[in-house]
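Summary of structural features
As a plain string of letters, each chain reads:
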Amino acid sequence: MANSIEQEIGRRRTFAIISHPDAGKTTLTEKFLLYGGAINTAGSVKGKANSKHAVSDWMEIEKERGISVTSSVLQFEYEGKCINILDTPGHEDFSEDTYRTLMAADCAVMVIDASKGVEPQTIKLFKVCVMRHIPIFTFINKMDREAKDTFDLLDDIEKVLGIETCPINWPIGCGKEFKGVYERASRNILRFEAVSTGGAKEAKETIISADDDNAADLIGEDFYDNLMEEIELLDGAAAELDMDKVHQGKLSPVFFGSALTNFGVEPFLEHFLKMTTSPLPRKSDHGEIDPMTEKDFSAFVFKIQANMNKAHRDRIAFMRICSGEFEAGMSVYHVQGGKDVRLSQPQQMMADERKIVDKAYAGDIIGVFDPGVYSIGDTLTTAKDKFEFEGIPTFAPEHFARVSLVDSMKRKQFVKGVTQIAQEGAIQMFQEYKGGMEEIIVGVVGVLQFDVLKFRLENEYNVQIRLENLPYEHIRWIENKDEVNVDTINGTSDMKKVVDMKGNPLLLFINEWSIGMTLDRNDGLVLTEFGRN
Ligand code: GDP
């Protein structure tokens, strides 16, 4: 019998996977798909230049550079659950899309390299998770290599990220001697053995109670004694597993394993699915929209991707479904646009291919054809009560450049192109305060976005540009812009006043010190790091 809509929603899990580049996010994702039976061979999801193109390699620029510029969504089934993984670009030059993707997830899996601990990119992404109070599950990967001391790794997470940790399992050995993990709740030892080289197949697992007389033999006397000592220490020191804290994003359950050899991947999945919830309610201007009670379809747009198919010059708007059921071709009300739209060519990423979907449910992510009407944060719904979901914050760019035209005759195309690209959220565009379109400044979160802008202007609008980097690193929106006179704000000499596309005044600064000075000099001025769409 077919599942009811409630059952379909109830069995969904939607999470983002985050890590510093090379920690093993792609490998772990691939193993999830492998266990879920969505792919048969490891290597199908690889995104590196020297391997097959990753499923997310949509744009030319991605192919050229062998990196994943955009985020992709993968869906797979595991033990009756339907799981959506939102991948985040793993390159150091990540973009605002990475942040926005986190807005569409209900929780995050953070992959950490056991030999490195917490790395800079993890911190940035983590801050966004904390801002949203979403649960964070930690997978400490590469235990088959020399790893940092386990206690030090946990300490690192607690200190650097400011979140409590609770190991759900504990590694036994590391490097070539990585034997398996000890499960704290059941006191079981899971002894892993590789069953084939290359990690394509699942790992063999022997389970024995730590209290069994044969346990020491199975992993070796020394390892056993060491494990018992560590567990005693741990039980005395670690935080209790408080699921309320987990759901508030204050405590991260921690798991150990090796994605490459499959060790610990399945135990992680099992625990993860038990500890996570079905799609969570979302805030709107008419209160919370709970997928368990709201029957009508609703969704919000969190990403717009242009030119996935160069031949068609199409744009795809990615939306997270927040309630109800989606059916291909359905008409829904686009709240910001003020009219009904038909959601056509709905697509979903299934393992290694894009496919057209007929039905999708709360928790799912779909991409629909965008004739140029959607903006990031827009709400779509069939509910009579036309609510709007809370907008997606605009993340403060950290790099700025002045844009100039190579051929000044192309000014019209240029303005059109840069405005459109900014509307899609691929870059942020600013103008000189009271300066009009004469001077255009673009701001980005990751410098790769500059390349995307250049590439797209050339390819889609036939306009060549020059980018002159500007020294600013901080931007502040003026929270009380109606109360202060922006004309008379007296900042440091290196401060620059600009306006965004909606006409909001902003201030650019080279360093934090200048921000402090400007606040000191202008009584009553309130600045903020996040804008709202
Ligand atoms: P990403 O950048 O986070 O997606 O990382 P990848 O999954 O592409 O992995 C980066 C490199 O680390 C690749 O060469 C992987 O084969 C390797 N790798 C991933 N997981 C493991 C692991 O558990 N053990 C070891 N030894 N290598 C791993």
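Residues numbered from 1 in each chain as written. Predicted model: local features only at pLDDT ≥ 70, side-chain atom pairs only at ≥ 80, totals over all residues. Heavy atoms only, no water.

A sheet is described by the order of its strands in space; here four strands give the open sequence E7-E8-E9-E10, paired in antiparallel fashion. Each of the sheet's edge strands pairs with one partner strand only, and the pair in question is strand E7 (169–172) and strand E10 (204–209). Pairs of neighbouring strands in the sheet enclose a mean axial angle of 25 degrees, with direction left out of account. (Pairing = 2+ DSSP bridges. Helix = DSSP H or I, 4+ residues; strand = E, 2+ residues; numbered from the N terminus. Axes fitted to C-alpha atoms, helices over the stretch in contact; angles between N-to-C directions.)

What follows deals with the nonpolar core. Core analysis: the largest hydrophobic core is formed by 83 residues, its most contacted members being Ile-189, Phe-297, Phe-326, Leu-343, Tyr-374 and Leu-380. Not counting chain neighbours up to four residues away, the residues in contact with Ile-189 comprise Ile-172, Val-181, Tyr-182, Thr-206, Ile-207, Ile-208, Ala-210, Ala-215, Ile-219, Tyr-224 and Leu-227. Counting residues in hydrophobic clusters, the runner-up holds 30 residues, among them Phe-15, Ala-239, Phe-255 and Val-265. (Core = buried A, V, L, I, M, F, W, Y, C linked by side-chain atoms within 4.5 Å. Buried < 20%, exposed > 50% of the residue type's maximum accessible area, 1.4 Å probe, protein only. Contact = heavy atoms within 4.5 Å.)

A complete count under the given rule lists 17 aromatic pairs for this structure. Summarising the aromatic geometry, the rings of Phe-139 and Phe-268 are spaced 5.4 Å apart at their centres and angled 70 degrees between planes, so their arrangement reads as edge-to-face. Taken as a pair, Phe-139 in strand E5 (residues 136–141) and Phe-268 in helix H10 (residues 265–275) lie far apart in primary sequence, 129 residues in all. Per residue, the accessibility class of Phe-139 equals that of Phe-268, and both read buried. Every member of this aromatic cluster is reached through a ring pair, and the members are Phe-15, Phe-32, Phe-76, Phe-137, Phe-139, Phe-255, Phe-268 and Phe-272. (Phe/Tyr/Trp six-rings, centres within 6.5 Å; stacked < 30°, edge-to-face > 60°.)

A few words on the side chain of Asp-156. In this structure, Asp-156 sits in helix H6 (residues 150–161). A polar contact of 3.0 Å, which involves the side chain of Asp-156, links it to the backbone nitrogen of Val-118. Other than its neighbours up to four places away in sequence, Asp-156 contacts Gly-117, Val-118, Lys-148 and Leu-161. (Polar contact = N/O pair within 3.5 Å; in protein donor to acceptor, adjacent residues only side chain to side chain.)

This part is about the pattern of salt bridges. By the definition in use, this model includes 27 salt bridges. Among the salt bridges present, the one from Glu-96 reaches Arg-100, with a minimum N-O distance of 3.0 Å. Here the residue Glu-96 and the residue Arg-100 both occupy positions in helix H4 (residues 96–103), the gap between them amounting to four residues, near one helical turn. Residue class for Arg-100 comes out buried when judged on its relative accessible area of 5%. (Salt bridge = Lys/Arg side-chain N within 4 Å of Asp/Glu carboxyl O.)

Let us look at the sheet that holds strand E32 (residues 527–528). Reading across from one edge, E28-E25-E27-E26-E30-E31-E29-E32 is the order of the eight strands in this open sheet, with antiparallel pairing throughout. Of all strands in the sheet, those bounded by a partner on one side alone are strand E28 (465–470) and E32. Pairing of strand E25 (residues 399–405) with E28 involves six bridges; the strand directions are antiparallel. Opposite Ser-404, over in E28, you have Arg-466 as the bridge partner.

Attention now goes to helix H12 (residues 448–461). When the terminal C-alpha atoms of H12 are compared, their 19 Å separation across 14 residues agrees well with the 20 Å that a helix rising 1.5 Å per residue should span. If you check which residues of H12 are buried, you get Leu-448, Gln-449, Phe-450, Val-452, Leu-453, Phe-455, Arg-456, Leu-457, Glu-460 and Tyr-461. Phi turns positive one or two residues past the end of H12, at Asn-462, with a value near 55 degrees. (Expected span 1.5 Å × (residues − 1).)

Neighbouring the ligand are 18 residues; Asp-22, Lys-25, Thr-26, Thr-27 and Asp-144 lie closest to it. One nitrogen or oxygen atom from the main chain of Lys-25 is found 2.8 Å from an oxygen atom belonging to the ligand. One of the backbone N or O atoms of Ala-259 is found 3.0 Å from an oxygen atom in the ligand. Protein coverage of the free-state accessible area of the ligand, which is 580 Å², stands at 84%. Ranked by residue count, the leading element in the shell around the ligand is helix H2 (residues 25–36), at three residues. Class assignment of the residues belonging to the shell around the ligand gives a composition of four nonpolar, seven polar and seven charged. (Near = heavy atom within 4 Å. Areas by Shrake-Rupley, 256 points an atom, 1.4 Å probe, with all protein chains shown as cover. Nonpolar A, V, L, I, M, F, W, Y, C, P; charged D, E, K, R; others polar.)

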